[in-house]
Amino acid sequence: MFFKKLIESCKADFFDLKPHLLETLKQGGVEASFADLDFQEEGIYFTFPDKSRVKVLFYQDKIQESAFRTQGDPLVHFRGCKEALELSSRLNACKAIIKYDNKLFLGVYSHKTQIRFFNDKPLPLCPLCKSILKGASLAEFLTM
């Protein structure tokens, strides 16, 4: 709620948030619950206050230890596949980010306490999303 009010306030004061949001997306990502995301078959889009869009990666950046042990690393999504849409309904643990490799931050939690974290952890790409790459690299796909 606060994030949306901040954006509205900046629009009213003619302050351009786009460069700052783009830098945030590239450096560490934006919590999905704060983002205006559009899940399409051809990609997942982050919408800026000026209504322009950019393709992003979408993944679960916080995972419970029990799920981490049984299911392994969370998948990275870059299109609106069935699993990404299901994951988007639990936005509180997801992040939208622009990265041209799949080395991302991952926090492992026991209840509400972070017990482990990984910086630049290579997370696997979703097989359903990967099927549309058709030989292109992730960087090429995100910049198309």
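Structure: above.
An account of the accompanying structure is given in this report. (Residues numbered from 1 in each chain as written. Predicted model: local features only at pLDDT ≥ 70, side-chain atom pairs only at ≥ 80, totals over all residues. Heavy atoms only, no water.)

## Some points on the packing of aromatic side chains
Alright, step 1. In the structure shown here, the tally under the stated rule is five aromatic pairs.
Alright, step 2. Each ring, one from Phe 39 and one from Phe 58, has its centre 5.1 Å from the other, and the planes form 85°; the classification is edge-to-face. In this pair, Phe 39 is assigned in strand S2 (residues 37-40) and Phe 58 in strand S5 (residues 57-60), connecting sequence segments 19 residues apart. The residues Phe 39 and Phe 58 share a single accessibility class, namely buried.
Alright, step 3. Sitting above the plane of the Phe 118 ring, Lys 121 keeps its charged end 4.8 Å from the centroid. (Phe/Tyr/Trp six-rings, centres within 6.5 Å; stacked < 30°, edge-to-face > 60°. Helix = DSSP H or I, 4+ residues; strand = E, 2+ residues; numbered from the N terminus. Buried < 20%, exposed > 50% of the residue type's maximum accessible area, 1.4 Å probe, protein only. Lys NZ or Arg CZ within 6 Å of the ring centre and 35° of its normal.)

## With respect to the sheet that holds strand S9 (residues 103-110)
Alright, step 1. Strands sit in the order S6-S9-S10 across an open sheet of three strands; the sheet is mixed. Edge positions in the sheet fall to strand S6 (62-64) and strand S10 (113-122), since each has one partner strand and no second. Averaged over all pairs of adjacent strands, the angle between strand axes in this sheet comes to 25°, irrespective of strand direction.
Alright, step 2. The pairing of S6 with S9 spans three bridges and is classified as parallel. Each residue of the ladder has a partner; that of Gln 64, found in S9, is Tyr 109. (Pairing = 2+ DSSP bridges. Axes fitted to C-alpha atoms, helices over the stretch in contact; angles between N-to-C directions.)

The analysis is restricted to geometry; functional conclusions fall outside its scope.
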